[in-house]
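Observations on the three-dimensional arrangement
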Amino acid sequence: MFAVLKTGGKQYRVQSGDVLRVEKLNAEAGDKIQFNDVLMIGSTVGAPLVAGAAVQAEVIDTIKADKVITYVKRRRKHSSQRTRGHRQQLTLVRITDLLENGGDKTDVKAAVGARIARRHDHVETAN
(Lines give C-alpha, C1' and ligand atoms only; values in the text may rest on other atoms or scores of the structure.)
Protein backbone atom coordinates (compact mmCIF):
# COMPACT_ATOMS: atom_id res chain seq x y z
CA MET A 1 0.00 0.00 0.00
CA PHE A 2 1.18 3.53 -0.71
CA ALA A 3 0.16 7.06 0.22
CA VAL A 4 0.58 10.52 -1.28
CA LEU A 5 1.41 13.19 1.30
CA LYS A 6 2.02 16.92 1.12
CA THR A 7 4.76 18.77 3.00
CA GLY A 8 6.94 21.77 2.27
CA GLY A 9 4.89 22.72 -0.80
CA LYS A 10 5.63 19.39 -2.50
CA GLN A 11 3.87 16.04 -2.82
CA TYR A 12 5.53 12.68 -2.18
CA ARG A 13 4.42 9.12 -3.00
CA VAL A 14 5.57 6.96 -0.10
CA GLN A 15 5.49 3.37 1.16
CA SER A 16 6.49 1.97 4.50
CA GLY A 17 10.30 1.88 4.76
CA ASP A 18 10.97 4.70 2.25
CA VAL A 19 13.59 7.35 3.06
CA LEU A 20 12.68 10.92 2.04
CA ARG A 21 14.49 14.24 1.85
CA VAL A 22 11.88 16.89 2.74
CA GLU A 23 12.07 20.59 3.52
CA LYS A 24 13.47 21.24 7.00
CA LEU A 25 11.10 20.21 9.80
CA ASN A 26 11.02 21.33 13.42
CA ALA A 27 12.26 17.98 14.79
CA GLU A 28 15.48 16.44 16.06
CA ALA A 29 17.15 13.20 14.96
CA GLY A 30 15.37 10.20 16.48
CA ASP A 31 11.99 11.96 16.89
CA LYS A 32 8.80 10.29 15.67
CA ILE A 33 6.66 12.63 13.58
CA GLN A 34 3.36 12.37 11.73
CA PHE A 35 2.30 13.91 8.41
CA ASN A 36 -1.42 14.74 8.57
CA ASP A 37 -1.81 16.22 5.06
CA VAL A 38 -2.53 12.96 3.21
CA LEU A 39 -3.98 13.38 -0.29
CA MET A 40 -4.38 9.68 -1.05
CA ILE A 41 -3.86 6.42 0.82
CA GLY A 42 -4.44 2.98 -0.66
CA SER A 43 -7.51 3.31 -2.90
CA THR A 44 -8.99 6.22 -0.89
CA VAL A 45 -8.65 9.61 -2.59
CA GLY A 46 -9.23 12.74 -0.52
CA ALA A 47 -11.13 15.86 -1.47
CA PRO A 48 -8.57 17.45 -1.01
CA LEU A 49 -7.36 15.55 2.11
CA VAL A 50 -8.28 12.12 3.49
CA ALA A 51 -9.93 12.68 6.88
CA GLY A 52 -8.25 10.82 9.74
CA ALA A 53 -5.38 9.51 7.60
CA ALA A 54 -1.76 10.00 8.61
CA VAL A 55 1.75 8.92 7.68
CA GLN A 56 4.16 8.33 10.55
CA ALA A 57 7.92 8.68 10.15
CA GLU A 58 11.15 8.76 12.11
CA VAL A 59 13.62 11.63 11.68
CA ILE A 60 17.06 10.35 10.70
CA ASP A 61 19.03 13.59 10.39
CA THR A 62 19.04 17.22 9.25
CA ILE A 63 21.22 17.69 6.17
CA LYS A 64 22.04 20.29 3.54
CA ALA A 65 21.37 19.83 -0.18
CA ASP A 66 24.00 20.36 -2.86
CA LYS A 67 25.04 23.95 -3.45
CA VAL A 68 23.10 25.83 -6.13
CA ILE A 69 25.01 28.65 -7.83
CA THR A 70 23.10 31.64 -9.21
CA TYR A 71 25.06 33.76 -11.69
CA VAL A 72 23.74 37.03 -13.11
CA LYS A 73 25.59 39.02 -15.77
CA ARG A 74 24.31 42.27 -17.25
CA ARG A 75 25.56 42.80 -20.79
CA ARG A 76 27.00 45.84 -22.54
CA LYS A 77 27.28 49.18 -20.71
CA HIS A 78 26.86 48.18 -17.11
CA SER A 79 29.15 45.13 -17.18
CA SER A 80 28.19 44.08 -13.67
CA GLN A 81 27.90 40.51 -12.48
CA ARG A 82 26.92 38.74 -9.31
CA THR A 83 27.42 35.19 -8.06
CA ARG A 84 25.40 33.79 -5.18
CA GLY A 85 25.35 30.32 -3.66
CA HIS A 86 22.63 28.60 -1.64
CA ARG A 87 22.35 25.27 0.22
CA GLN A 88 18.82 24.27 1.16
CA GLN A 89 18.35 22.67 4.57
CA LEU A 90 16.56 19.32 4.44
CA THR A 91 15.31 16.72 6.90
CA LEU A 92 15.93 13.05 6.22
CA VAL A 93 12.96 10.90 7.34
CA ARG A 94 12.15 7.17 7.19
CA ILE A 95 8.47 6.28 6.72
CA THR A 96 7.42 3.80 9.41
CA ASP A 97 3.63 3.49 9.21
CA LEU A 98 0.65 4.40 7.00
CA LEU A 99 -2.62 4.94 8.89
CA GLU A 100 -5.84 4.96 6.84
CA ASN A 101 -7.91 6.05 9.82
CA GLY A 102 -7.27 6.99 13.44
CA GLY A 103 -4.34 9.23 12.60
CA ASP A 104 -5.92 12.17 14.42
CA LYS A 105 -6.14 10.15 17.67
CA THR A 106 -2.43 9.28 17.98
CA ASP A 107 -0.10 11.12 20.33
CA VAL A 108 2.75 11.42 17.78
CA LYS A 109 4.03 14.97 17.16
CA ALA A 110 2.80 16.55 13.92
CA ALA A 111 5.41 17.36 11.25
CA VAL A 112 5.72 21.16 11.14
CA GLY A 113 8.12 23.13 8.96
CA ALA A 114 10.97 24.89 10.77
CA ARG A 115 10.03 28.35 9.47
CA ILE A 116 6.39 27.96 10.52
CA ALA A 117 7.39 26.77 13.99
CA ARG A 118 9.81 29.68 14.39
CA ARG A 119 7.12 32.18 13.30
CA HIS A 120 4.62 30.79 15.83
CA ASP A 121 7.24 30.84 18.62
CA HIS A 122 7.98 34.48 17.82
CA VAL A 123 4.29 35.45 17.96
CA GLU A 124 3.79 33.72 21.32
CA THR A 125 6.81 35.42 22.92
CA ALA A 126 5.76 38.85 21.63
CA ASN A 127 2.56 38.83 23.72
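Above this text sits the structure in question.
Some details on the environment of alanine 114
- By secondary structure assignment, the location of alanine 114 is in helix H1 (residues 114–126).
- For alanine 114 and leucine 49, which are 65 residues apart along the polypeptide, the C-alpha to C-alpha distance reads 22 Å.
- Not counting chain neighbours up to four residues away, the residues in contact with alanine 114 comprise Lys24, Leu25 and Asn26.

Some details on the sheet that holds strand S6 (residues 44–45)
- Reading across the sheet, the four strands line up as S2-S1-S5-S6 and stay open at both edges, with antiparallel pairing between neighbours. Each edge of the open sheet carries a strand with a single partner, namely strand S2 (10–14) and S6.
- As paired strands, strand S1 (residues 3–7) and S2 are joined by five bridges and run antiparallel to one another. Along S2, the bridge assignment pairs lysine 6 with glutamine 11.

Focus: the packing of aromatic side chains
- In the structure shown here, the tally under the stated rule is zero aromatic pairs.
- If you follow arginine 13 out to its NZ or CZ, it ends over the ring of phenylalanine 2, 4.0 Å from the centre.

Quick word on the sheet that holds strand S4 (residues 32–35)
- Pairing in this open sheet of five strands is mixed, and the strands run S3-S10-S7-S4-S11 from one edge to the other. Of all strands in the sheet, those with a lone pairing partner are strand S3 (19–23) and strand S11 (109–110), marking the two edges.
- Judged from the two bridges that link them, S4 and S11 form a sheet pairing that is parallel. Of the residues in S11, the one forming a bridge with isoleucine 33 is lysine 109.

Regarding the nonpolar core
- Residues Val14, Ile33, Phe35, Val55 and Val93 are the most contacted members of the largest nonpolar core, which totals 20 residues.
- For this core, the elements supplying multiple residues, two or more each, are S1, S2, S3, S4, strand S5 (38–41), strand S7 (54–64) and strand S10 (89–99).
- What phenylalanine 35 contacts, discounting residues up to four positions off in sequence, is Leu5, Thr7, Leu25, Ala54, Val55, Ala57, Val93 and Ala111.

Observations concerning the environment of threonine 91
- Take threonine 91: it is sitting in strand S10.
- Expressed as a C-alpha distance, the spacing of threonine 91 and alanine 27, which sit 64 residues apart in the sequence, is 8.5 Å.
- For threonine 91, the residues in contact, after removing those within four places along its chain, are Leu20, Arg21, Val22, Glu23, Lys24, Leu25, Val59, Asp61 and Thr62.
- A polar atom in the side chain of threonine 91 sits 2.9 Å from the backbone nitrogen of leucine 25.

Cut-offs used in this document
- Residues numbered from 1 in each chain as written.
- Predicted model: local features only at pLDDT ≥ 70, side-chain atom pairs only at ≥ 80, totals over all residues.
- Heavy atoms only, no water.
- Helix = DSSP H or I, 4+ residues; strand = E, 2+ residues; numbered from the N terminus.
- Contact = heavy atoms within 4.5 Å.
- Pairing = 2+ DSSP bridges.
- Phe/Tyr/Trp six-rings, centres within 6.5 Å; stacked < 30°, edge-to-face > 60°.
- Lys NZ or Arg CZ within 6 Å of the ring centre and 35° of its normal.
- Core = buried A, V, L, I, M, F, W, Y, C linked by side-chain atoms within 4.5 Å.
- Buried < 20%, exposed > 50% of the residue type's maximum accessible area, 1.4 Å probe, protein only.
- Polar contact = N/O pair within 3.5 Å; in protein donor to acceptor, adjacent residues only side chain to side chain.

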